[in-house]
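Results of the structural survey
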Amino acid sequence: MMSPVPMHPVEIGALAPKGDMRPAFRFAPSPNGYLHIGHAYSALRNFDQARRTGGRFLLRLEDIDVERCRLEYEQAIYEDLAWLGLTWDEPVLRQSEHFPVYAKAAEYLQARGLLYPCFCSRQDISRATAVQRDWPRDPDGGPLYPGTCRHLSEDESAHRLASGQPAALRIHMAQAVSRLAHPLTWREYGEGEVVRDVLAEPLLWGDCILARKDIATSYHIAVVVDDARQGISDIVRGKDLFDATSVHRLLQELLELPVPRYHHHDLLRDAAGQKLSKSTRAKSLRALRQEGVSAQDVRRRLGFN
Ligand code: GLU
């Protein structure tokens, strides 16, 4: 007998003030390093638009990766944002305090037969995909999952789970997409009021992971669940997340969540044209501060007054 489909897991707008119709913006950094000027740009864009539209500006800490996130970085985020003159309108949402709700969202998809357990290690995947020189890759450059565990029988999966083998949950992407009644799009707001409809292409990601072995959730699940719970109307973030929006649109559809407006802004680059990131050792805001750069200088440099 099929187990009953769980109740809808996400209470839309549940964390927003009741009846509040104002637009809502969010800055959602991961406390796994110090903020750099690229983060400052994103935070200021959101804050500025919230203030100009009479909207709410929220701070969400995307700290599901409990191994890499640290309280020291979280503290630094508060200090850096205060230094920049930013304040947020509601208590900070720390994702690490909400694992059960993300698990419910995954269960909901699983009960619809859209997720399957995957026991593969990174090495298993490299080995399986090395057989072909030009193995297809996802928009982030990772090899598309070769589908190994999609072909396991239910008995085999159940046996491995029962014996304690750790498993991630992957989405059966082709199946998920085939259930859609219409093509998925989103409204992308460009610079200078240009608006266009973008066709979401979740198939580009293959059977991506929606619940990791170590933390039982993923960025994709947590972000769409919280955007809905916080009633976020406008997502303003860097172009590095443009392609991920295809997965987010699919999840919003499958979880029956509202679709926010999106704006993906250009990424700041260093003098050599490299995109700024923690991994390229972009100078942190605190390092700039220690060098005597003022918050006003940073704001001016980024085009905010
Ligand atoms: N936590 C993500 C990051 O720091 C941002 C997520 C988002 O804006 O959707 O890159």
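Residues numbered from 1 in each chain as written. Predicted model: local features only at pLDDT ≥ 70, side-chain atom pairs only at ≥ 80, totals over all residues. Heavy atoms only, no water.

**A closer look at the environment of V247**
Along the chain, V247 falls in helix α8 (residues 244–254). It is 7.7 Å that separates the C-alpha atoms of V247 and A200, two residues lying 47 residues apart in sequence. The contacts of V247, once residues within four sequence positions are left out, are W205, C208 and H220. (Helix = DSSP H or I, 4+ residues; strand = E, 2+ residues; numbered from the N terminus. Contact = heavy atoms within 4.5 Å.)

**So, the sheet that holds strand β5 (residues 168–171)**
The strands that make up a sheet are held in pairs by hydrogen bonds between backbone atoms, and each pair lies either parallel or antiparallel. Pairing is antiparallel in the open sheet, where three strands are placed in the order β4-β5-β8. The open sheet terminates on both sides in strands that have one partner only, identified here as β4 (115–118) and β8 (209–211). Averaged over all adjacent pairs, the angle separating strand axes in this sheet is 45°, with direction ignored. In this sheet, β5 lies alongside β4 in antiparallel orientation, the contact comprising four bridges. Note that in β5 the partner of Y116 across the bridge is R170. (Pairing = 2+ DSSP bridges. Axes fitted to C-alpha atoms, helices over the stretch in contact; angles between N-to-C directions.)

**Some details on the site of the ligand**
The environment of the ligand is made up of R26, A28, P29, S30, E62, Y219, V223, R237 and L241. Interatomic distance of 3.4 Å between a side-chain N/O atom of S30 and a nitrogen atom of the ligand. One nitrogen or oxygen atom from the side chain of Y219 is found 2.9 Å from an oxygen atom belonging to the ligand. Coverage of the ligand by the protein amounts to 79% of the 300 Å² it exposes when considered alone. Broken down by class, the residue content of the shell around the ligand amounts to five nonpolar, one polar and three charged. (Near = heavy atom within 4 Å. Polar contact = N/O pair within 3.5 Å; in protein donor to acceptor, adjacent residues only side chain to side chain. Areas by Shrake-Rupley, 256 points an atom, 1.4 Å probe, with all protein chains shown as cover. Nonpolar A, V, L, I, M, F, W, Y, C, P; charged D, E, K, R; others polar.)

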